[in-house]
Amino acid sequence: MKLQEQITSMIQENKNLVEYKNNQIIILNKRLRDSICEIIDDTQDSKDIVRFSVKEALQLKQSDIVVIKQDQIFIKIFDLEKKKKITEHEANTVAGRFNGIEESELEEFYKEFFSKAESRKFFNKIVKEFAEKYFVEERIDNDRYEKFVFAYVQAIIMRELVNEFDHCEDFLRGFSGYIFRIHFNEVFEGIAEFMLNEISRSNDYMVEFLKYYSLNIIIVDGYKYKVPLLQTEDGMKWNVVSMLSVAKVYIRTKISIQEIKEYAREIDKKILEFFVDGISPVEYNKECRKDRQKLTELLRVEARVLQDMLDDIYGIKDPKEKEQHRIDIEEKKQEIKAIKLTIEKISSKEVKRGVLDKYLKLEREMDSILRDIKAQEKILKQNTDSFLSIKNSLVKALISKKQRI
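Cut-off values and rules
Residues numbered from 1 in each chain as written. Predicted model: local features only at pLDDT ≥ 70, side-chain atom pairs only at ≥ 80, totals over all residues. Heavy atoms only, no water. Helix = DSSP H or I, 4+ residues; strand = E, 2+ residues; numbered from the N terminus. Rg over C-alpha atoms; globule rule 2.2 N^0.38 Å. Buried < 20%, exposed > 50% of the residue type's maximum accessible area, 1.4 Å probe, protein only. Contact = heavy atoms within 4.5 Å. Areas by Shrake-Rupley, 256 points an atom, 1.4 Å probe, with all protein chains shown as cover. Salt bridge = Lys/Arg side-chain N within 4 Å of Asp/Glu carboxyl O. Pairing = 2+ DSSP bridges. Axes fitted to C-alpha atoms, helices over the stretch in contact; angles between N-to-C directions. Expected span 1.5 Å × (residues − 1). Bend = angle between axes of the 7 residues up to and from the residue. Core = buried A, V, L, I, M, F, W, Y, C linked by side-chain atoms within 4.5 Å. Polar contact = N/O pair within 3.5 Å; in protein donor to acceptor, adjacent residues only side chain to side chain. Phe/Tyr/Trp six-rings, centres within 6.5 Å; stacked < 30°, edge-to-face > 60°. Lys NZ or Arg CZ within 6 Å of the ring centre and 35° of its normal. pLDDT = per-residue confidence, 0-100. Parallel < 35°, antiparallel > 145°, perpendicular 65-115°, else oblique. Nonpolar A, V, L, I, M, F, W, Y, C, P; charged D, E, K, R; others polar.

1. Thoughts on the overall build of the chain
From N to C terminus, the chain includes 13 helices and seven strands. Against the 2.2 N^0.38 benchmark of 22 Å for 405 residues, the chain shows a C-alpha radius of gyration of 37 Å, more extended than a compact globule. In terms of principal-axis extent, the alpha carbons of the chain reach across some 130 × 65 × 35 Å. A burial count over the chain gives 41% of its 405 residues as buried. Considering only contacts within the chain whose residues lie at least 6 apart along the sequence, 70% involve residues at least 24 apart. Total accessible area on the chain stands at roughly 24400 Å², and carbon and sulfur atoms take up 50% of it.

The structure is reproduced here in structure tokens:
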């Protein structure tokens, strides 16, 4: 049986694992999803076969969207007939927003489809792809950035949606516009953070790119234009020089804290290797000493009792009583011997000085690391407000365009 036929049969034989939430959404639950994924490879071709098979089994239209998620297979019913026809005049206008699809329909799909974690991961990828292509590979200039940045970002979003999820371009074109609008600031905050990271590493191209926002007035083809400024809400202006000093301190400190914390985790693992019965070797030895002290005191008491028993035997005249007393003395000697053996056993179990010194050295190193983290975090805190001010000002500039005056 072909893979497509296997999947189709599996779905049709397990209709009880298919949930129809409403007229627009169908869910194949995790059990059915896992059964399907067990017989396929994790490749784009295999995913396309699954999507096709799901549509065949459930008699879906080609326009319906099948999304293979970690915990389910998610189906969005999309009726092309309900889609508003966009005229050439309405293209790229508010009237043509979301490719003629009702916003409520896009919102419902978004809520079902994107968890917070999935959303964060998706848009981190979008920012990374944009930065790598247009800043790292192509090194676009400010003019090209201003003209095409929104189109470039939306094209990347669209491509990722099509590649990762399904090929219903009519719906996904509208959906890409919808999620771009929702995550608009998030995208440009990511781009701004990338830029600030680059200038903190003295990237000359990025430094030159950002100098544009300090030009104030430029002349293009004989016309004057006012350039977007790196300006805060209260009117404070940033320039590349002042940005550089803050960005370098903030980002390098942040990276340093991450590296120190990672090293601290390694030290912590080594420290835990010295633990005995869930407690530190210092505490373990302390508990051992307490036990030894108790037994040593008991040994003193028992030794005095034995001495009294030995003294008393000379005053006993009755042979039978005297014999019993000797037996009691031997039993007491055995008890004392057992206490001594227990004390020796406890002493032998204590963590040895050499091992304890290694542990204490790691503890001192950890204390030093924690003091270093605290000092670095203080520096970070001192620069956080300035860094956020720069980032927010940069985001505003990045979403603005020069204005003719």
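2. Topic: the pattern of salt bridges
Note that side chains of opposite charge can pair when their charged atoms are close. Inspection of every chain in the model, using the stated rule, returns 27 salt bridges. The partner of K290 in a salt bridge is E287, with the nearest N and O atoms 4.0 Å apart. Note that K290 and E287 are positioned in helix α11 (residues 281-312) at a spacing of three residues, about one turn of the helix. Classification of K290 as partly exposed rests on a relative accessible area of 41%.

3. Concerning the sheet that holds strand β3 (residues 65-68)
Across the sheet, which stays open at both edges, the four strands sit in the order β1-β2-β4-β3 with antiparallel pairing between neighbours. The open sheet is flanked by β1 (18-20) and β3, the only strands paired with a single partner. If you compare each strand with its neighbour and ignore which way they point, the axes differ by 15° on average. With four bridges connecting them, β3 and strand β4 (residues 73-76) associate as antiparallel partners. Looking across to β4, one finds that I65 is bridged to K76. Strands in contact with helix α2 (residues 30-38) are β1, β2 (25-28), β3 and β4; relative to β2, the strand with the most contacts, it is inclined by about 65°.

4. Section: helix α5 (residues 116-137)
The end-to-end C-alpha distance of α5, which contains 22 residues, comes to 30 Å, matching closely the 32 Å that a straight helix rising 1.5 Å per residue would cover. The sharpest bend along α5 comes to roughly 25°, located at A131.

5. Examining the sheet that holds strand β6 (residues 223-226)
Ordered in space as β5-β6-β7, the three strands form an open sheet in which the pairing is antiparallel. Edge positions in the open sheet fall to β5 (217-220) and β7 (403-404), since each of these has one partner strand only. Strand direction decides the pairing type here: β6 and β7, joined by two bridges, are antiparallel. Note on β7: the bridge partner recorded for K226 is Q403.

6. Focus: the environment of N197
When you line up the elements, N197 lands in helix α8 (residues 184-200). In this structure, the C-alpha to C-alpha distance between N197 and A247, residues 50 residues apart in sequence, is 7.4 Å.

7. Section: the nonpolar core
Here is a general trend for soluble globular proteins: nonpolar side chains tend to be buried in one another's company. In terms of nonpolar packing, the biggest core is built from 71 residues, with F130, F135, Y145, F175, I179 and Y213 touching the most fellow members. Setting aside residues up to four positions removed in sequence, I179 forms contacts with Y110, F114, F122, F123, I157 and L161. Formed by 19 residues, the second largest nonpolar core is a distinct cluster that contains I40, V66, I73 and I75.

8. A word on helix α12 (residues 319-349)
For α12, which comprises 31 residues, the first-to-last C-alpha distance of 45 Å matches the rise-based estimate of 45 Å (1.5 Å per residue) to within 8%. Looking at the buried positions of α12, the neighbouring elements they touch are α11. Capping of α12 at its N-terminal end is provided by D318; its side-chain oxygen lies 3.0 Å from the backbone amide nitrogen of K320.

9. Remarks on the packing of aromatic side chains
The final tally for this structure, using the stated rule, is 22 aromatic pairs. Taking the centre distance of 5.2 Å and the plane angle of 45° together, the rings of F130 and Y134 count as tilted. Highlighted residues: F130 and Y134, both in helix α5, separated by four residues, approximately one helical turn. Y134 matches F130 in its accessibility class, with the two residues each being buried. Between Y145 and F209 the ring centres are 5.7 Å apart and the planes differ by 90°, which places this aromatic pair in the edge-to-face class. With Y145 in helix α6 (residues 142-164) and F209 in helix α9 (residues 204-211), this pair connects stretches of sequence that are 64 residues apart. Members of the aromatic cluster, connected to one another through ring pairs, are F130, Y134, F135, Y145, F148, Y152, F194, Y205, F209, Y212 and Y213. The ring of Y225 carries the charged tip of K402 above its face, separated from the ring centre by 5.8 Å.

10. A short note on the confidence of the model for the chain
Model confidence for the chain is summarised by a mean pLDDT of 88, while 93% of its residues fall at 70 or above. Per-residue pLDDT stays below 50 along residues 86-90; that stretch engages in nine contacts with residues further than four places along the chain or on separate chains.

11. Focus: the side chain of H325
By secondary structure assignment, the location of H325 is in helix α12. Residues contacting H325, with those up to four places away along its chain left out, are M309, D312, I313 and I316.

12. Re the packing of α11 against helix α13 (residues 353-398)
Their axes nearest at 10 Å, the elements α11 and α13 cross at an angle of 135°. With respect to each other, α11 and α13 are oriented oblique. Residues P281, V282 and N285 of α11 lie in contact with α13, whose contacting residues are L356, Y359 and L360. Considering only residue class, the contact of α11 with α13 consists of five nonpolar, one polar and no charged.

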